[in-house]
Every structure is written in structure tokens, then in C-alpha cells.
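Now for the letters of each chain:
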Amino acid sequence: MKSITRQKSPEDIQQGLSGLDRVFIVGCGTCTTMTHTGGIDEVVAMKERLQEQGKRVTGFTVIPTACDDMTELAMKENGPAISSADCILSMSCALGVHRMNLYIGKPIIPAVDTLFIGIEDSPGYFREACAQCGQCLLGETAGICPITACHKGLVNGPCGGTNNGRCEVDKEKDCAWTLIYNRLKEQDRLDLMRKYQPPRNHHVTLAPRSLRIQ
Amino acid sequence: MSLKSKLESGKFAITCEVGPLKGTDITEVEEAAALLKDKVDAANVTDQQSSVMRLGSLATSGILINKGLEPIYQMTCRDRNRIALQSDLLSAWVMGIRNVLALTGDLPALGDHPAAKPVYDLDSVTLLHAIGRLNAGFDIAGNELKGKPAFFAGAVVKVDSDTEASMELQIAKLERKVAAGAKFIQTQAVYSADSFGKFMKRVAKLKVPVLAGVIPLKSAGMARFMNKNVSGVLVPEELIEKMADAEDKTATGIQICADLIKKLKPLCQGVHIMAIGWEKKVPSIIQAAGL
């Protein structure tokens, strides 16, 4: 499971940094390294691009996992360079931004957009796997999630927009319910296709969601 | 006679479609209503069809009532959560709307506001369940209503599928819809009485009236476009050639549609004519079909 990100456009990043001339860049050694959006290579390339644009890069680091508590140590180790910067440019996912926010009062500007929590099906192909809905249905849908794999998130079977097993919205994408049907058939559990699924509960926990583990 | 009485008494019903336009000019809707009111039993009013923003189906259904044409209020789950859907149903009832057609709704990505947030808080099945709860005097949270509706709820199904899985999924979903309270069914456009007959055999056990959907062909190009782009629509090559060769395409399109209706009539309980801009030709189609 990984946090899947896409780099913002150079224009958007420039816009985000307007009025902030001294920049400290933070990448992440885990998810954004894997998606080539904020690993060491991308951080160095970003540094060079910002310098060409006339920015002063006071330093950079790639935190092994920017969403966990190693971030605090990385912030301390880079204290002087961060202190002399106007802001941090984050090339970790949004979770890294949230983590850094705990330790740094300066503006943290994201250079990437966090798209979804996904897995890598084949090299370079990332697919959203879980919407963290809090009411897991995978046991009744043959391990294929209709919330993430169906564009409409339909839990009571497909809409009318299937063509040759593909989704009418994206002809490259399999219809989630066709996949579910085929797997349920293999498992001899097609009776589940007729089960009424009540409306989803969007109040499993209050938004923003939180959980205290005792 | 209302659509409900007609279908419940086993008489062959005719419905058609009225599509609201983008803007506040209701001239065309009013003209269509005046022309169709004595020709059809009811008219579907589409709900932001193809995810293109336009005048709403609730207000347009109200216009049809004022003009003496019974509406079938189409309701999709794309744009409203369960609070808004139930509230609009109550509003529809007090406006005199009696028929509701529950649909999932096309994705916003296909329409003219592709960046819109898709809702799908309910789906066509849970919406039918919600209509049933309102009819019973409760909302879906279990709260009692003061005054309750008695909607005649319908649903849709695709008759022709290109894969076995798709066919089975359509039937299974139709079963869920009937179990959730659908009392009549309108189908996606059919062009083959043979395949429609096979479909009717599959769903006979559900004991729910089915109105066969038909779309009159305007040209060979339109038929090819639908074959390529509209899921579940399969126009046979023979009809496409007939349209391509026709000198008077309008007359041929109407005749093909009328002939098809004649073949479908013994197999089902009604016909749903989706004229797509040809609303004014619906009376000619009905006449040519001998209805």
C-alpha cells in the first residue's frame, strides 16, 4: 500500500512559492521515491530548477518515511538550513506535510498532489485499492472493491454502461461488476449478486476521521 | 386512465420522453406536451440527461401536469444525497407527480460539467427502497412522515448485452430492483424482437410489466453512432442499410419503428418511445404502429 502522488506543474509550484525566495526542499524515501515524484533524483532536479528560476535553495533532505516520527529528527538535523529558509517545499505526500507541520511553523508548500492510496499492479501502474470507507465489503464482492473499482462506487450491481466488460467512462478499464461477477462465479457464490446492500453509512466516524487505540 | 391503472389492468401502455432544455425557455416543452397529451399515457421527464446541466425534471414534470400530460419523473442518484432525493420525492408528490423512474445516472465526466462531484449516495436499488419506505410513511432513517405519498415506481434495464456476464448482471440487478419495489420496467432501446422475446422469457418470473424501449432511426449514421457509443444498443446491419438506401429517411425511420412496435407488442405490456428530438413525430409512429 502506498500513497500515490503526482507532481504539480512547474507553474503551480512557482505560484505556490511566490514571495518565498529561500526554499528548503524535503523529499520522501518511501512512496514518492517509488512513484518518482519526490525521491532523491526528483529533489535534486527540483533544486536545480528552482535555482534557475532565481530561488535560493538553503538545503534539501530526503526523509526515509516522511509520515512517521523520523521526520522530527530530520527537521532537527537540518535546523540551521530550515531556519534560514522562508518555507519548506514538500515533495512527500500530504501525510508528510501534516507530519512536518507538527515541528515547523514556517509555510510548507506541497510540490505534489496526493491522489489516492493504491497498489502497484504491474511495474509503473498504480491502482486505487481502498477508499478507507470503514465498512469493508470485500468478503461479499470476491475481493474486488466496488467503491474504488467502479467509477460510481455502486454496491448493488453495475449500471447500464458496460461495453464488452469495459466501463463506458474509460474503455481501457474493466467494469468492476463484471470482474466481481466472474470471480463470484469461480467461487460458486453468485447468490451474493442478488443480495440487497443498504445505503452506505457515511457517518462511521465523524469527519475528519480519527481513532484512539487504547 | 393513469399509467398505473393502465398497466395494472393489463392494457398496453404507451410512454414517450420529454427532455428539458438548457435555459428557462419552456416553449418547446409546452408544445410537446400539448401535442402528446392525448396520444400517450405518460411521458418520462429526463433528469440532466447525459450529465448535461439543464432545466430540472421536477419543474418540467410540473409543467406537463399543468398541460394535461402525465409525467414519469426521472430521478438519478448522480447529483443529490439521500436527504435531497427524499425531499424532492415529497415535493414531487405534493406537486401531483405520481410516477417515478429510479436511475443511477450517467457520470458527470460524460457531461458538460466534467469536474463536478459525483454523489451516488444512493443507487437505483436503494432509491427504489427509499421510495417504498416513503410510500409506507417513513423516511429511510426510520422517522415517521406526516402525510405519505403513494408513488408508482419504475426502473430500467438493458435488454441486449455483449457478454454473458453483462447479461447476467443486468438480470440480477433487475431482480434487485423489483425486490426493492419497482412496479414497472422500461428498457433500453431494442431493435430485435427475437432477442427481446428471449429477454422477456428470462424475466417473466418477476411478474412486472415491461415497456419495450424504442428509438426511431433518423439516419444510418445515427444507427452506427449508437452501435459504437451507446451501451446495450445494437441496431442490425439490415436496418442500417435500409436507412442508408431510403430516399425519404424520415418516413423510413418512422416505418421501421412502427414495424418493430408491432412485433414487440405481443411480447410485453407497453412501449416506451424515445424520440430524441423527434417528439413531434411520436403521433405518426403510434398511428403507423396501429396503437
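Our structure is the block above this text.
So, here's what we can say about the structure. (Residues numbered from 1 in each chain as written. Chains lettered and ligands numbered in written order. Predicted model: local features only at pLDDT ≥ 70, side-chain atom pairs only at ≥ 80, totals over all residues. Heavy atoms only, no water.)

With respect to the state of the cysteines
All names here are of chain A. Using the criterion set out here, one finds 0 disulfides over all chains in the structure. Among the cysteines around Cys-175, which has no disulfide bond, Cys-167 carries the closest sulfur, lying 6.9 Å off. The class for Cys-175 is buried, based on a relative accessible area of 9%. (Disulfide = S-S within 2.5 Å. Buried < 20%, exposed > 50% of the residue type's maximum accessible area, 1.4 Å probe, protein only.)

A short note on empty space enclosed by the protein
Any space left empty among the atoms is revealed by the rolling of a water-sized probe across them. Scanning all chains against the criterion turns up 2 cavities of 30 Å³ or more. Forming the walls of the largest cavity are 16 residues, and the residues nearest its centre are Cys-150, His-151, Cys-159, Cys-167 and Cys-175 of chain A. For the lining of the largest cavity, the residue count by class is 10 nonpolar, 3 polar and 3 charged. Empty space within the second largest cavity amounts to approximately 50 Å³. Lining the second largest cavity are Glu-140, Thr-141, Val-155, Trp-177, Leu-184, Leu-192, Lys-195 and Gln-197 of chain A together with Arg-176 of chain B. Its residues assigned to classes, the lining of the second largest cavity shows 4 nonpolar, 2 polar and 3 charged. (1 Å grid on protein atoms, 1.4 Å probe; cavity = no way out; pocket = protein on both sides within 12 Å on 5 of 7 lines; lining within 4 Å. Points joined across faces, edges and corners; volume = space filled by probe spheres on them. Nonpolar A, V, L, I, M, F, W, Y, C, P; charged D, E, K, R; others polar.)

A short note on the pattern of salt bridges
Under the criterion given, the structure shown has 18 salt bridges over all chains. Close ionic contact of Arg-82 of chain B with Asp-121 of chain B constitutes a salt bridge, the shortest N to O distance being 2.8 Å. With a gap of 39 residues between them, Arg-82 of chain B in helix 4 (residues 82–94) and Asp-121 of chain B in the loop between strand 4 (99–103) and helix 5 (124–135) connect regions that are remote in the sequence. Taking the shortest distance from any N to any O, the salt bridge between Arg-202 of chain B and Glu-168 of chain B comes out at 3.1 Å. Taken together, the residues span a long stretch of sequence, with Arg-202 of chain B in helix 7 (residues 193–203) and Glu-168 of chain B in helix 6 (residues 164–179) at a distance of 34 residues. Overall, Arg-202 of chain B belongs to the partly exposed group, its relative accessible area being 35%. One network of salt bridges, in which partners are shared, links Arg-194 of chain A together with Glu-175 and Lys-205 of chain B. (Salt bridge = Lys/Arg side-chain N within 4 Å of Asp/Glu carboxyl O. Helix = DSSP H or I, 4+ residues; strand = E, 2+ residues; numbered from the N terminus.)

Some remarks on the side chain of Lys-173 of chain A
Residue and element names in this part refer to chain A. By the element assignment, Lys-173 lies in the loop between strand 9 (166–167) and helix 8 (176–186). Of the side chains bearing the opposite charge, Asp-170 lies closest to the buried Lys-173, which forms no salt bridge; the N-O distance is 6.6 Å. Of note is the side chain of Lys-173, whose polar atom sits 2.6 Å from the backbone oxygen of Ala-149. (Lys, Arg positive; Asp, Glu negative; His and termini not counted. Polar contact = N/O pair within 3.5 Å; in protein donor to acceptor, adjacent residues only side chain to side chain.)

Quick look at the side chain of Lys-152 of chain A
Relative to the helices and strands, Lys-152 of chain A resides in the loop between helix 7 (146–149) and strand 8 (162–163). Here Lys-152 of chain A is buried and forms no salt bridge, its nearest opposite-charge partner Glu-168 of chain A lying at an N-O distance of 4.8 Å. Among the polar contacts made by the side chain of Lys-152 of chain A, one reaches the main-chain carbonyl oxygen of Gly-105 of chain B at a distance of 2.8 Å. When sequence neighbours within four positions are dropped, the list of residues in contact with Lys-152 of chain A reads Cys-159 of chain A together with Thr-104, Gly-105, Asp-106, Leu-107 and Tyr-120 of chain B. (Contact = heavy atoms within 4.5 Å.)

Thoughts on the environment of Glu-241 of chain B
Residues and elements named next belong to chain B. Inspection of the secondary structure assignment puts Glu-241 in helix 9 (residues 237–245). Residue Glu-241 is classed as partly exposed on the basis of its relative accessible area, which comes to 45%. It is 9.8 Å that separates the C-alpha atoms of Glu-241 and Ser-219, two residues lying 22 residues apart in sequence.

Quick notes on unusual backbone geometry
Even without a glycine there, the phi angle at Asn-164 of chain A is positive, about 50°. Along the chain, the position of Asn-164 of chain A falls in the loop between strand 8 and strand 9. On the basis of relative accessibility, which here comes to 53%, the residue Asn-164 of chain A falls in the exposed class. Even without glycine at this site, Lys-207 of chain B takes up a positive phi of about 50°. Within the secondary structure, Lys-207 of chain B sits in the loop between helix 7 and strand 7 (210–214). In this structure Lys-207 of chain B comes out as exposed when scored by relative accessible area, which is 75%.

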